[in-house]
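Structure at a glance
Chain residues, written in single-letter form:
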Amino acid sequence: MKRSHTEMGFTTPLLDHFEPAISDSAPIVPLDSLSSSLMGTRPPSHVPSSASNVELLTGHHNAGLDSDSTTDASFPFDATEISEHPEAFSVKPAPQGVTVRCRITRDKKGMDRGLFPTYYLHLEREETRKPIFLLAGRKRKKSATSNYLISTDPTNLTRGGESFVGKLRSNLLGTHFTVFDAGDTPNRRGSVMGSFDGTGSRKEMAGIVYETNVLGFKGPRKMTVLLPGLNYDNEYTDFRSTSDDDGIVERWKTRKTENIICLHNKTPVWNDETQSYVLNFHGRVTQASVKNFQIVPDNDVEYVVMQFGRVAEDVFTMDYTYPMCALQAFAIALSSFDGKLACE
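To start, this report covers the structure provided alongside it. (Residues numbered from 1 in each chain as written. Predicted model: local features only at pLDDT ≥ 70, side-chain atom pairs only at ≥ 80, totals over all residues. Heavy atoms only, no water.)

As for the environment of isoleucine 248
Cut-off, in case you're wondering: Put simply, DSSP H or I for four residues or longer makes a helix, DSSP E for two residues or longer makes a strand, and each gets a number counted from the N terminus. Here, two residues are considered to be in contact whenever any of their heavy atoms come within 4.5 Å of each other.
Tracing the sequence through the fold places isoleucine 248 in helix 4 (residues 248-253). Note: C-alpha distance between isoleucine 248 and isoleucine 260 (twelve residues apart in sequence) is 7.9 Å. Those residues within four positions of isoleucine 248 in sequence are excluded, and the remaining contacts are Glu204, Ala206, Gly207, Leu226, Leu227, Pro228, Phe239 and Ile260.

Structural data, given as structure tokens:
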């Protein structure tokens, strides 16, 4: 028996997503970076400094990981199990009540990495323990639309590789993105390997929509995140579209939102003293950036499902919790790096 997203406390409000769009030209300032008089209570964080993490995350292999997680309450997972089966962990929703803390590093070194950098996702543990490499992503060259391949092997970012776990694909304008798992791409008739019912095709894991800039307003950008609903077994609903007109984003646009969890970025608060927009990242984000954001359900904006933000030039934190999984969160972060001409 499947459980709808409304039973989990997530509603799908019928919002008019064609309202005037807002430009993403204004950076979002972390509340903790302001003066102490403007700051609220800051909870302690186990996160090491950004400088030390740059050194820690230069290696992207999980050699020498310790498997005992009982002394690290902030990381209630088996490190060895994750390193041996990263693909299973990456598509499994975070446990309820647990925030999974991650770091993304951007590698722009090399002949073409200025245009096509590689992004590495690591799971953070307490400061004395080695972070766990989980996923890597890179934008494909010579593709008509933005297309990122995601792999559990940092040395093999190819579509045919055994470690390929999913991809992120945009529309022509770069305003709508769809996250797919590693399933096969259906042909124009909707068949995969002789199947005409689409059962062997790839599943859609998420949709991301950035509002287009029509009136040229200044302010933080707006984004909508769409996730498949979960059933009683904590498994995502199958979205196996056979055409571009039947995907999760298209269903949301036509208000066919059954079994879709609809989330939005949290609206930052304007601060008159600093003349900037601010969000409280509780110490996890330290630098102002247009890419800083938090994702929340409309019926509980204090429940942060995901947050992402800059801590150094090429280092970002990415935290997520139920009902999101690592593949979804990483792909959402990758979409924020992409150049969206229509959203600028």
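Further notes follow.
A word on the sheet that holds strand 11 (residues 269-271)
Heads up, the rule is: Strands were regarded as paired on the criterion that DSSP finds at least two bridges between them. Under this scheme, a helix contributes an axis fitted over its contacting stretch, all axes are lines through C-alpha atoms, and angles between N-to-C directions fall in the 0 to 180 degree range.
Spatially, three strands are ordered 1-12-11 in an open sheet, and the strand pairing comes out mixed. The open sheet has two edge strands with one neighbour each: strand 1 (28-30) and strand 11. The mean inter-strand angle of the sheet, taken between neighbouring strand axes irrespective of direction, is 50°. Two elements, strand 11 and strand 12 (residues 276-279), share three bridges in a ladder whose sense is antiparallel.

As for the pattern of salt bridges
What counts is decided by this rule: Definition used for salt bridges: Asp or Glu carboxyl oxygen within 4 Å of a side-chain nitrogen of Lys or Arg. Exposure is judged per residue with a 1.4 Å probe applied to protein chains only, and the accessible area is read against the type maximum: over 50% gives exposed, under 20% gives buried, and values in between give partly exposed.
All told, the structure shown has twelve salt bridges when counted by the stated rule. Measuring nitrogen to oxygen at the nearest pair gives 2.6 Å for the salt bridge that ties aspartate 319 to arginine 284. Taken together, the positions of aspartate 319 in strand 15 (residues 315-320) and arginine 284 in the loop between strand 12 and strand 13 (293-297) put the pair 35 residues apart, joining distant regions of the chain. No difference in accessibility class separates aspartate 319 from arginine 284, as the two residues are buried.

Digging into helix 5 (residues 326-337)
Every α-helix carries 3.6 residues per turn, so stepping three or four residues along brings you back to the same face. Keep this limit in mind: Under the convention used throughout, the expected extent of a helix is 1.5 Å for every residue step, that is, one less than its residue count.
Under the 1.5 Å per step criterion, the end-to-end length of helix 5 is 17 Å for twelve residues, consistent within 8% with the ideal 16 Å. Counting buried positions over the twelve residues of helix 5 gives twelve, a clear majority of the element. Buried within helix 5 are the following residues: Ala326, Leu327, Gln328, Ala329, Phe330, Ala331, Ile332, Ala333, Leu334, Ser335, Ser336 and Phe337.

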